[in-house]
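Understanding the architecture of this molecule
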Amino acid sequence: MEFLGFSLRNNLFVAPMAGVTDRPFRQLCKKMGAGLAVSEMVTSNSLLYGSAKTQRRARHDGEVAPVSVQIAGASPAMMADAARYNVDRGAQIIDINMGCPAKKICNVMAGSALLRDESLVARILEAVVTAVPDTPVTLKIRTGWDKTNRNALRILQIAEQSGIRALAMHGRTRACGYSGAAEYETIRQVKAVARIPVIANGDIGSPEKARFVLDLTGADAVMIGRAAQGRPWLFREIEHFLESGTHLMPPRVGEIREILLGHLEDLYVFYGIETGVRVARKHISWYTKGLLGSAAFRHMMNKLPTVDLQRQAVDDFFSALAEDHEHLPYLAAAAEAAASGDDSFEELAA
């Protein structure tokens, strides 16, 4: 896929997710089939540029191009400064967050709260585009603030007039959060009149769903978020299905053991040992969710305090699975629920 001057492997994008799409996860998803991976959002508050968290998020050493960094904030001037700050540190695409529904973001009029103030949207977009004239700027939104205030079409017009180069759209309003069905019809309406690429996002957790959304909306790409947590190989599965119409076999237990152990090592290096152990726990939980016997394993694993114990627990769990299964043994109900983002199947894995 040709996208904003870059040649991408495909039109499968990793959605920006706070606390998830750090550099190790982005690199892994690209390795396993994603064409583009957008960073977790970086604050536009210059007072936090010196914090360990912000400095980590601005490190892109060795990352496969293009490097897309999402910035968040409500001040045009601060957002412009944030764009320049991140471009100076290696960002090749700047993405603006106007889609996050989290209360702590919306309460400061950032994220999807900005959709309620179209004039402010215009000022922010124009300020950022002007600040980094040689860097493509993209925008991520929702369909509107709530179901009676859907203004995605108007935001598209503002974006195009401001020089935004692509629009990613989560098919829900801010009020919906992550509940209910995604509004693919709204994305289709936006794509029908757009003069820039449109990326569809929301509830895409299987090869069939990706094909359905691309066909229905006419979107140029799909963006996958929660379904890729602990399942980065989803991108190669979708890529294969879109190209051939057939499914890959489920990954082998031994392969996922090696992928997870490698992911853990990257986390330990990126965050340092103490923080790395804590961050690794959620990834281990995601990788093993829905697998036979995994609930008891996760309960035990979350109490382990050291890198060595984490490594050994993961190695032991997958080695035991490999004794009886060549491929990952998901419970059928768990696999279906995981693809839809439903966590209610947890007890099935006990």
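Here, the structure is the one placed above.
Residues numbered from 1 in each chain as written. Predicted model: local features only at pLDDT ≥ 70, side-chain atom pairs only at ≥ 80, totals over all residues. Heavy atoms only, no water.

1. Considerations on the pairing of strand β10 (residues 198–201)
Of the two faces of β10, the one lined by V198 and A200 and the one lined by I199 and N201 are each fully buried. Judged from the 4 bridges that link them, strand β9 (residues 166–170) and β10 form a sheet pairing that is parallel. Pairing of A168 across the sheet is with I199, part of β10. Sheet topology note: the β10/strand β11 (residues 221–224) ladder contains 3 bridges and is parallel. Looking at β11, one finds that N201 is bridged to M223. In this region the chain leaves β10, passes through helix α8 (residues 207–217) and returns to the parallel neighbour β11; the handedness of that crossover is right-handed. (Buried < 20%, exposed > 50% of the residue type's maximum accessible area, 1.4 Å probe, protein only. Helix = DSSP H or I, 4+ residues; strand = E, 2+ residues; numbered from the N terminus. Pairing = 2+ DSSP bridges. Right-handed = clockwise from strand over helix to strand, strands pointing away.)

2. A word on the packing of aromatic side chains
Scanning the entire structure with this criterion turns up 6 aromatic pairs. The ring of W145 carries the charged tip of R116 above its face, separated from the ring centre by 3.9 Å. (Phe/Tyr/Trp six-rings, centres within 6.5 Å; stacked < 30°, edge-to-face > 60°. Lys NZ or Arg CZ within 6 Å of the ring centre and 35° of its normal.)

3. Details of the sheet that holds strand β7 (residues 93–98)
Taken in spatial order, the 9 strands of this open sheet run β4-β3-β11-β10-β9-β8-β7-β6-β5, and their pairing is parallel. Each edge of the open sheet carries a strand with a single partner, namely β4 (36–37) and β5 (42–43). As judged from the 2 bridges shared by β5 and strand β6 (residues 68–72), these two strands associate in the parallel manner. Opposite T43, over in β6, you have A72 as the bridge partner. Against the sheet, helix α3 (residues 76–88) makes contact with β5, β6 and β7, and its axis sits at roughly 155 degrees relative to β6, the strand it touches most. Lying over the sheet, helix α7 (residues 184–193) contacts β9 and β10, oriented at roughly 180 degrees with respect to β10. (Contact = heavy atoms within 4.5 Å. Axes fitted to C-alpha atoms, helices over the stretch in contact; angles between N-to-C directions.)

4. A few points about the packing of helix α12 (residues 294–301) against helix α13 (residues 307–324)
Where α12 contacts α13, the axes come no closer than 11 Å and their chain directions differ by 170 degrees. The angle between α12 and α13 falls in the class roughly antiparallel. Here S294, F297 and M300 of α12 come into contact with α13, specifically with A313, V314 and F317. Residue classes in the contact of α12 with α13 are distributed as 5 nonpolar, 1 polar and no charged. (Parallel < 35°, antiparallel > 145°, perpendicular 65-115°, else oblique. Nonpolar A, V, L, I, M, F, W, Y, C, P; charged D, E, K, R; others polar.)

5. Quick look at empty space enclosed by the protein
Summed over the entire model, instances satisfying the criterion amount to 1 cavity of 30 Å³ or more. Put simply, the largest cavity is a space of about 90 Å³. What lines the largest cavity is a set of 14 residues, and nearest its centre among them are V38, D95, T138, A168 and M223. When contributions to the lining of the largest cavity are tallied by element, the ones reaching two or more residues are β8 (137–142) and β9. Partitioned by chemical class, the residues of the lining of the largest cavity number 10 nonpolar, 2 polar and 2 charged. (1 Å grid on protein atoms, 1.4 Å probe; cavity = no way out; pocket = protein on both sides within 12 Å on 5 of 7 lines; lining within 4 Å. Points joined across faces, edges and corners; volume = space filled by probe spheres on them.)

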